[in-house]
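Here's the letter readout for the chains.
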Amino acid sequence: MDTHKPKPWQWAKTIFWGIVTALLYAMLFSYSDAILHMAHTTPESCVVLEHGQHIYYHKVDIAACTAKGGHVEAPQYWHVLIPILIAFAISLTHGAFTGLFWDVMGLKPANRPKQKG
């Protein structure tokens, strides 16, 4: 029977990547309103404040937007990069943490016997 005892540096790396992952998720939820605003204003959009919440309309002319009590925001095409970068950063850190976590726990994939072909 194989007993697995992780080295201290494995614990340190696992804890580090776990903390970084948790911080990224906390930032994602803390700034969710700003991220949603950027996502909705990637194309030109009409922003209307209704019942304390922003409502976004796309492909609306200026007259219809002002009639609803809103204002038109110019398109910010670089905003499309924000969710891509966030997804990449969380995926990278979460993947590192998960891989290290399973190594520290001693779980490895099963070795499959080679098939004769």
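Structural data are supplied above this passage.
Here goes a summary of the coordinates provided.

Calculation rules
Residues numbered from 1 in each chain as written. Predicted model: local features only at pLDDT ≥ 70, side-chain atom pairs only at ≥ 80, totals over all residues. Heavy atoms only, no water. Helix = DSSP H or I, 4+ residues; strand = E, 2+ residues; numbered from the N terminus. Rg over C-alpha atoms; globule rule 2.2 N^0.38 Å. Buried < 20%, exposed > 50% of the residue type's maximum accessible area, 1.4 Å probe, protein only. Contact = heavy atoms within 4.5 Å. Lys, Arg positive; Asp, Glu negative; His and termini not counted. Charge placed at Lys NZ, Arg CZ, Asp CG, Glu CD. Expected span 1.5 Å × (residues − 1). Patch = residues over 30% accessible without salt bridge, like charges linked within 9 Å, V, L, I, M, F, W, Y side chains within 5 Å. Areas by Shrake-Rupley, 256 points an atom, 1.4 Å probe, with all protein chains shown as cover. Salt bridge = Lys/Arg side-chain N within 4 Å of Asp/Glu carboxyl O. Disulfide = S-S within 2.5 Å.

## So, the overall build of the chain
Then, number 1: Within the chain one finds four helices and three strands.
Then, number 2: Each helix and strand of the chain, placed in order from N terminus to C terminus, yields the pattern α-α-β-β-α-β-α.
Then, number 3: Against the compact-globule benchmark of 13 Å for 117 residues, the chain has a radius of gyration of 23 Å, which places it well outside the compact range.
Then, number 4: Across its three principal directions, the C-alpha atoms of the chain cover 75 × 45 × 25 Å.
Then, number 5: The buried share of the chain, reckoned over its 117 residues, is 19%.
Then, number 6: Within the chain, counting contacts between residues at least 6 apart in sequence, those at least 24 apart form 63% of the total.
Then, number 7: Across the chain, 9 positive and 7 negative side-chain charges occur, with their mean positions spaced 27 Å apart.

## So, helix 4 (residues 81-105)
Then, number 1: Relative to the 36 Å expected for 25 residues at 1.5 Å per residue, helix 4 spans 36 Å between its end C-alpha atoms, a close match to the ideal helical length.
Then, number 2: Those residues of helix 4 that sit buried are Ile82, Ile90, Thr93, Leu100 and Val104.
Then, number 3: Positioned one or two residues after helix 4, Gly106 has a phi angle of 85 degrees, which is positive.

## Things to note about a nonpolar patch on the surface
Then, number 1: There is a patch of nonpolar side chains on the surface, built from Trp11, Ile15, Ile19, Leu23, Trp102, Met105 and Leu107 and spanning about 710 Å² of accessible area.
Then, number 2: Counting residues per element, the ones that place at least two in the nonpolar patch are helix 1 (8-30) and helix 4.

## Some words on the state of the cysteines
Then, number 1: Under the defined criterion, the tally for this structure stands at one disulfide.
Then, number 2: Residue Cys46 pairs covalently with Cys65 via a disulfide, S to S 2.1 Å. One disulfide, between Cys46 and Cys65, carries an S-S torsion of 85 degrees and so falls in the right-handed class. Residue Cys46 is located in strand 1 (residues 45-50), and its partner Cys65 is located in helix 3 (residues 62-67); the two are separated by 19 residues in the primary sequence.
Then, number 3: Take Cys46: its relative accessible area is 1%, and that puts it in the buried class.

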